[in-house]
Amino acid sequence: ILKAISQALIEPYETMLATVDLVYVVPHGPLHDVPFMALQTSEGNWLVREENPAIALAPSATILVRYALGRAASSQTQHYCFGYNSVGAEALTYAEHEAQEIAKLVGGQAWTGALATDQFLRYAHDARMIHIASHCVYDAQQPLNSHLILGHETLSAQTIMDHPQSDTDLV
């Protein structure tokens, strides 16, 4: 399936991909379920490679234009990473470890486990970069009800949007 999706969505634009540093992807409808970073070029190379452009996903063109394009770089300096493996049969194996390792790489702070949601709500507004490693649930009918499972609580898109925001550069 990924090969067919790659042929339809990536191959027609491969020559353009070689000329840019960043590609914005704004999926619509069922394309929200496509793992764009897992797609491949016609030569079988993954899109996520150092020589390829970075890929930025936006949930809508409105959010991309209003909150991302043309804005000044963040004045914040903190990098925060949040991770939660979850529990039970669908628990992730390395989400908390990932958050800790990314924090080390970027010189940031990691919060993992059951208190990750509380720490997110307390600190995320002061971040230049936020990395989240957890399960998420996408609600195609009500996108603002989509949520992260971060700690023993869920963190909905609506809650995140209602939370005081700073000028974070990257989530």
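## Concerning the overall build of the protein
Counting its secondary structure elements, the protein contains six helices and eight strands. Its C-alpha atoms give the protein a radius of gyration of 17 Å, within 12% of the compact-globule value 16 Å for 171 residues. Put simply, the protein has 171 residues, and 27% of those count as buried. Expressed as a percentage of contacts within the protein between residues at least 6 apart in sequence, the contacts between residues at least 24 apart total 65%. Looking at the protein as shown, the accessible area adds up to about 10900 Å², and 56% of this sits on carbon and sulfur atoms. Counting 7 positive and 18 negative side-chain charges, the protein places the averaged centre of each group 5 Å from the other.

## Focus on the sheet that holds strand 5 (residues 127–133)
The sheet built from three strands is open, its strands ordered 4-3-5 with parallel pairing. Both edges of this open sheet fall to strand 4 (109–112) and strand 5, since each of them pairs with a single strand only. Mean inter-strand twist for the sheet, computed between neighbouring axes without regard to direction, equals 15°. As paired strands, strand 3 (residues 78–83) and strand 5 are joined by six bridges and run parallel to one another. Each residue of the ladder has a partner; that of G83, found in strand 5, is A133. Each of strand 3, strand 4 and strand 5 touches helix 4 (residues 95–106); the most contacted strand, strand 3, lies at about 170° to it. Strands strand 3, strand 4 and strand 5 of the sheet are contacted by helix 5 (residues 116–123), whose axis makes an angle of about 160° with strand 3.

## Quick word on the sheet that holds strand 8 (residues 153–156)
One open sheet holds the three strands; their spatial order is 6-7-8, and the pairing between them is antiparallel. The open sheet is flanked by strand 6 (135–137) and strand 8, the only strands paired with a single partner. On average, each strand axis in the sheet is inclined to that of its neighbour by 30°, with strand direction left out of account. As defined by bridge partners, strand 7 (residues 147–150) adjoins strand 8 across four bridges and the pair is classed as antiparallel.

## Quick notes on the nonpolar core
If you look at the biggest cluster of nonpolar residues, it comprises 12 residues: Y80, F82, Y84, W111, A116, F120, A124, A127, I130, L148, L150 and L155. Mapped by element, the contributors of at least two residues to this core are strand 3, helix 5, strand 5 and strand 7. Once residues within four sequence positions are removed from consideration, Y80 is found in contact with Q109, W111, Y123, D126, A127, M129, I130 and H131. V25, V34, L39 and L47 belong to the second-largest nonpolar core, a separate cluster that totals seven residues.

## Describing the pattern of salt bridges
When their charged atoms lie close together, side chains carrying opposite charge are able to pair. Applying the stated criterion across every chain, the model contains one salt bridge. Two residues, K104 and E101, come together in a salt bridge whose shortest N-O distance is 3.1 Å. In this pair, K104 and E101 are both assigned in helix 4, three residues apart and thus about one turn of the helix distant. According to the relative accessible area criterion, K104 is exposed, its value standing at 62%.

## Here's the deal with the layout of surface pockets
Of the volumes computed, that of the largest pocket is approximately 2400 Å³. Looking at the largest pocket, it is lined by 44 residues, and the ones nearest its centre are L57, A58, P59, I63 and V171. Secondary structure elements with two or more residues in the lining of the largest pocket: strand 1 (22–25), strand 2 (54–57), helix 3 (61–67), strand 5, strand 6, strand 7, strand 8 and helix 6 (157–162). The biggest single contributor to the lining of the largest pocket is strand 5, with four residues. Partitioning the lining of the largest pocket into residue classes produces 32 nonpolar, nine polar and three charged. Of the pockets and cavities examined, the second largest pocket occupies roughly 290 Å³.

## A short note on the environment of L2
Position of L2 relative to the elements: it lies in helix 1 (residues 2–9). Between the C-alpha atoms of L2 and L39, which are 37 residues apart in sequence, the distance is 6.2 Å. When residues no more than four places from it in sequence are discounted, the contact partners of L2 are P35, A38 and L39.

Rules of the game
Residues numbered from 1 in each chain as written. Predicted model: local features only at pLDDT ≥ 70, side-chain atom pairs only at ≥ 80, totals over all residues. Heavy atoms only, no water. Helix = DSSP H or I, 4+ residues; strand = E, 2+ residues; numbered from the N terminus. Rg over C-alpha atoms; globule rule 2.2 N^0.38 Å. Buried < 20%, exposed > 50% of the residue type's maximum accessible area, 1.4 Å probe, protein only. Contact = heavy atoms within 4.5 Å. Areas by Shrake-Rupley, 256 points an atom, 1.4 Å probe, with all protein chains shown as cover. Lys, Arg positive; Asp, Glu negative; His and termini not counted. Charge placed at Lys NZ, Arg CZ, Asp CG, Glu CD. Pairing = 2+ DSSP bridges. Axes fitted to C-alpha atoms, helices over the stretch in contact; angles between N-to-C directions. Core = buried A, V, L, I, M, F, W, Y, C linked by side-chain atoms within 4.5 Å. Salt bridge = Lys/Arg side-chain N within 4 Å of Asp/Glu carboxyl O. 1 Å grid on protein atoms, 1.4 Å probe; cavity = no way out; pocket = protein on both sides within 12 Å on 5 of 7 lines; lining within 4 Å. Points joined across faces, edges and corners; volume = space filled by probe spheres on them. Nonpolar A, V, L, I, M, F, W, Y, C, P; charged D, E, K, R; others polar.

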